[in-house]
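# Inside the fold
Given next are the chains, with one letter for each unit.
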Amino acid sequence: MRIKVSPSIFSADFGRLNDDIATVDKYADYIHVDVMDGHFVPNITIGACVIWGIKTRLPLDVHLMIDSPEKYLEDFKDAGANILTVHFEACKNLKEVLGRIKELGMKAGVSIKPKTKVEELKPYLNLIDWALVMSVEPGFGGQQFMENSLDKIKWLRKNAPKIDIAVDGGINEKTAKLCKEAGANILIAGSYIFKSQNRKKAVESLKA
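Just so it is clear, the model here is predicted, and its values are computed rather than measured. (Residues numbered from 1 in each chain as written. Predicted model: local features only at pLDDT ≥ 70, side-chain atom pairs only at ≥ 80, totals over all residues. Heavy atoms only, no water.)

Now for the overall build of the protein. Per the secondary structure count, the protein includes eight helices and eight strands. Over its C-alpha trace the protein gives a radius of gyration of 15 Å, about what one expects of a compact globule, namely 17 Å for 208 residues. Taking the principal axes of its C-alpha atoms as reference, the protein extends roughly 45 × 35 × 30 Å. The burial tally for the protein puts 54% of its 208 residues in the buried class. Sequence separation of 24 or more characterises 64% of the internal contacts of the protein that already satisfy a separation of 6 or more. For the protein, the computed accessible surface area is about 9,700 Å², with 49% contributed by carbon and sulfur atoms. (Helix = DSSP H or I, 4+ residues; strand = E, 2+ residues; numbered from the N terminus. Rg over C-alpha atoms; globule rule 2.2 N^0.38 Å. Buried < 20%, exposed > 50% of the residue type's maximum accessible area, 1.4 Å probe, protein only. Contact = heavy atoms within 4.5 Å. Areas by Shrake-Rupley, 256 points an atom, 1.4 Å probe, with all protein chains shown as cover.)

Written out as structure tokens, the structure reads:
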């Protein structure tokens, strides 16, 4: 599978968000949007109202780190989400949520926290387009990559060879290589890209 990069706007300057997105728009494959509610994870970021204002030619990869995501699926679809990822740990009926995401015309993704066993996803592999492995504890950027996430990526690639496997947290040129070797084909990076003086080079280094 071709390696794709999704810069996370969590590390962008929200005072000039579309300007920051424009600096990676020509080189990346998606724009990653982290939505946090202060309950499911210990931080608060943005909601659908901000996504409405994002201007990019790229598909929006929206990661819901929120409780009861089923309440908001339509809101994020209307705001422009192309891929909607919910957390295994946040859904009372994950199968139903995934079905509804697809009914709304979006690709359906599932993410797991570092302490969740990847085998928990086995019953849902035929229902998802995108599996997102968190390689840090979700909630804050700039954390160190957890290498035990590599075994989760390997398991997913073995058991679901055709789906997109994304990894998010502590991604840089070195850890990206490890993730790609394990079977990931989507690399989500925030600080590494948006804190770089040469964002084009940063994106390209992840794909190399």
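Past the structure itself, the notes keep going.
Another aspect to go through is helix H5 (residues 149–159). Taken residue by residue, H5 has Ser149, Leu150, Lys152, Ile153, Trp155, Leu156 and Arg157 as its buried positions. On its buried face, H5 is in contact with strand S5 (107–112), strand S6 (130–134), strand S7 (164–168) and helix H6 (173–182).

What follows deals with the packing of H5 against H6. At their nearest, the axes of H5 and H6 sit 8 Å apart, and the two run at 30 degrees to each other. One element, H5, and the other, H6, form an angle in the roughly parallel class. Here Leu150, Ile153, Lys154 and Arg157 of H5 lie close against H6, whose contacting residues are Leu178, Cys179 and Ala182. Taken together, the residues of the contact of H5 with H6 break down into five nonpolar, no polar and two charged. (Axes fitted to C-alpha atoms, helices over the stretch in contact; angles between N-to-C directions. Parallel < 35°, antiparallel > 145°, perpendicular 65-115°, else oblique. Nonpolar A, V, L, I, M, F, W, Y, C, P; charged D, E, K, R; others polar.)

Under the defined criterion, the tally for this structure stands at 10 salt bridges. Across the salt bridge formed by Arg16 and Asp20, the nearest N and O atoms sit 2.6 Å from each other. On the accessibility criterion, Asp20 (2% relative accessible area) is buried. The salt bridge involving Arg57 is made with Asp25; its shortest N-O contact spans 3.0 Å. Of this pair, Arg57 sits in the loop between helix H2 (48–51) and strand S3 (60–65) while Asp25 sits in the loop between helix H1 (17–22) and strand S2 (31–36); the two residues are 32 residues apart in sequence, bridging distant segments of the chain. Several salt bridges converge on common partners, so that one network encompasses Arg2, Asp29 and Lys207. (Salt bridge = Lys/Arg side-chain N within 4 Å of Asp/Glu carboxyl O.)

By themselves, these figures tell us nothing about what the structure is for.
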